[in-house]
Amino acid sequence: MIGNPHSEVDILSRLQNVLSGIEFNSFRINTNNYIVAQMIRKQLQDKSNVEESQDPDIVINYFDGDLFIEIQPIYIYGRYRKMRRDMPQTKWPCHSCGGHGCARCNYTGKIYSHSVEDIYGNYLLPLFKGRSTSFHGLGREDRDALMLGSGRPFVIEIKKPHVRSIPEEKLYYRDDNIEVICPHYTTRDKIKYVKQSAFFKRYRAEFRCETPVLSSSIGERFPLGPVIVHQRTPLRVLHRRSDKVRDRMLMDGYIMMLDENRGILEIIVESGFYVKEFISGDGGRTWPSLSTIVGRPCECRALDVLTVFDDDLFLRLIEGFPQESDEGFQFVDISGMRITEDADVTPLLSSLAPGVAREVMSMKEKRCDRRCSECKIWELCLKRDKT
């Protein structure tokens, strides 16, 4: 609140002082005083070369002599890669103090000293001179899992930024812990996309068998899927989630033993699939499981997320665009997502962009030999009946 101005001239003087350190290109005025609104509008447009907008950078509120300024957030969309284990995606407030700081958390207010949100947020806040951040990820990996490949989509919200004109190339960030790929400005609507979307994911896990397997199976790939896996709420999350059975699709994958006890599992699965419990069986709560497949108890030793098949990634792959990284360009391998003439692809459709889903369903129908802007996919056309 700027105070209780005693005159219209005082309002403009106070407003000019408080806005001197804030960068903005658009504004909106909320007031029941028409004269004050006209004076503010004229001063801002004449001196600052800004425009009035329904989706502004700042909101000026004037009611009953009180003047309030609201600085609208900045939203950045990108994909992050996490190269360090034992680090969560977002901040975990200390359970003892609720994030205020105590002896148990070493007065940091956090259970873990680092997170993806902390690292990238601490890089962005000085650039934008913001107050705080809020992180929204398209799902989240376990804190002891790596997020590799093309990264996981996210939106980070910069609250109360005083600077708004940072070039997008400066939004890129990389250190030994994380890398942010292809960051760019977006709108609040993108938060709804990342929070409500559910896509297939590709995982790679190293597991260990309690008893040795036959030496003849070492080095051989054993295919998995497609199969429906029945998963009752895992014991490790039962304290915060309802106890029920969820059916999840394992679309494709393989098992390969590295030696008599250690092996690699790589799978493409539906969103919400518990990979660690699929390996162990979780005491019979997940069926079928890797332990039942190999006929001996197994446990997950390391887990990596390789790919999140969201709309942007899938369209990039179809268009032939490689995934960008600081080390160059690499195509993401989706060869495991095979679609044969007699395959039931219905479970896969929820993970694809709407236009791509329609094209997948048309693969058994008439093809066209050209690529057009309507379908954005080689050898297929949404208007196939007209071509």
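What comes next is a walk through the structure. (Residues numbered from 1 in each chain as written. Predicted model: local features only at pLDDT ≥ 70, side-chain atom pairs only at ≥ 80, totals over all residues. Heavy atoms only, no water.)

## A short note on helix α3 (residues 116-128)
Applicable threshold: Elements are defined by DSSP. Helices are runs of H or I of four residues or more, strands are runs of E of two residues or more, and each kind is numbered from the N terminus. Each residue after the first adds 1.5 Å to the expected span of a helix. The bend at a residue is defined as the angle formed between two axes, one fitted to the seven residues ending at that residue and one fitted to the seven starting there. Residue burial is assigned from relative accessible area. The probe radius is 1.4 Å, only protein chains are included, and a residue is buried under 20% of its type maximum, exposed over 50%, and partly exposed in between. Here, residues are in contact when the closest pair of their heavy atoms is within 4.5 Å.
A rise of 1.5 Å per residue sets the reference length of α3, with its 13 residues, at 18 Å; its end C-alpha atoms lie 18 Å apart and thus fit the reference within 8%. Maximum bend of α3: about 25 degrees, positioned at Asn-122, with proline Pro-126 one to four residues after it. If you check which residues of α3 are buried, you get Val-116, Glu-117, Asp-118, Ile-119, Tyr-120, Gly-121, Leu-124, Leu-125 and Phe-128. Of the surrounding secondary structure, the elements contacted by the buried residues of α3 are β5 (74-82), β6 (132-137), β7 (146-159), β8 (173-174) and β9 (178-186). With its phi angle positive at about 50 degrees, Lys-129 sits one or two positions after the end of α3.

## Some points on unusual backbone geometry
With an omega of 0 degrees, the peptide bond between Gly-225 and Pro-226 qualifies as cis. Residue position: Pro-226 is located in the loop between β11 (221-224) and β12 (227-232). Pro-288 follows Trp-287 through a cis peptide bond whose omega is -5 degrees. When you line up the elements, Pro-288 lands in the loop between β15 (286-287) and α6 (290-294).

## A look at a positive patch on the surface
For clarity, the cut-off: Exposure above 30% relative accessible area and the lack of any salt bridge qualify a residue for a patch; like charges then connect within 9 Å, and the nonpolar side chains Val, Leu, Ile, Met, Phe, Trp and Tyr within 5 Å. Method for areas: the Shrake-Rupley scheme with a 1.4 Å probe, in which residue coverage is limited to the protein chains shown. Within this document, salt bridges are pairs made up of a side-chain nitrogen of Lys or Arg and a carboxyl oxygen of Asp or Glu, the two lying within 4 Å of each other. Asp and Glu count as negative and Lys and Arg as positive, but His and the ends of the chain are not part of the count. Charge coordinates come from a single atom per side chain, which is NZ of Lys, CZ of Arg, CG of Asp or CD of Glu.
A contiguous patch of positive charge on the surface is contributed by Arg-140, Lys-195, Arg-240 and Arg-241. Its location among the elements puts Arg-240 in the loop between β12 and β13 (245-257). We classify Arg-240 as exposed; its relative accessible area is 54%.

## Describing the pairing of strand β10 (residues 201-209)
Which entries qualify depends on this criterion: Strands are treated as partners if at least two bridges between them are detected by DSSP.
When β10 meets strand β14 (residues 262-269), the two strands line up antiparallel, connected through 8 bridges. For Glu-206, the partnering residue across the bridge sits in β14 and is Ile-264. Looking at chain direction, β10 and strand β16 (residues 298-308) are connected through 9 bridges and run antiparallel. Paired with Lys-201 across the two strands is Val-308, which belongs to β16.

## So, the nonpolar core
Quick note on the threshold: Nonpolar core, defined: a set of buried Ala, Val, Leu, Ile, Met, Phe, Trp, Tyr and Cys residues in which side-chain atoms within 4.5 Å join the residues together.
Membership of the largest hydrophobic core comes to 53 residues, with the highest contact counts inside it found for Tyr-120, Phe-207 and Ile-267. Top element by residues in this core is α3. It accounts for 6 residues. Ignoring anything within four residues of it in the chain, the contact list for Tyr-120 reads Ile-76, Phe-154, Ile-156, Leu-171, Tyr-173, Ile-178, Val-180 and Pro-183.

## Observations regarding the pattern of salt bridges
Where charged atoms of side chains with opposite charge meet at close range, the side chains can pair. Summed over all chains, the structure comprises 21 salt bridges. Note that Glu-52 is salt-bridged to Arg-41, the shortest N-O span being 2.5 Å. Within this pair, whereas Glu-52 is found in strand β2 (residues 51-52), its partner Arg-41 is found in helix α2 (residues 34-48), the two being separated by 11 residues in sequence. By relative accessible area, Glu-52 is classed as partly exposed at 34%. Linking Lys-276 and Asp-144 is a salt bridge whose minimum nitrogen-to-oxygen distance equals 2.9 Å.

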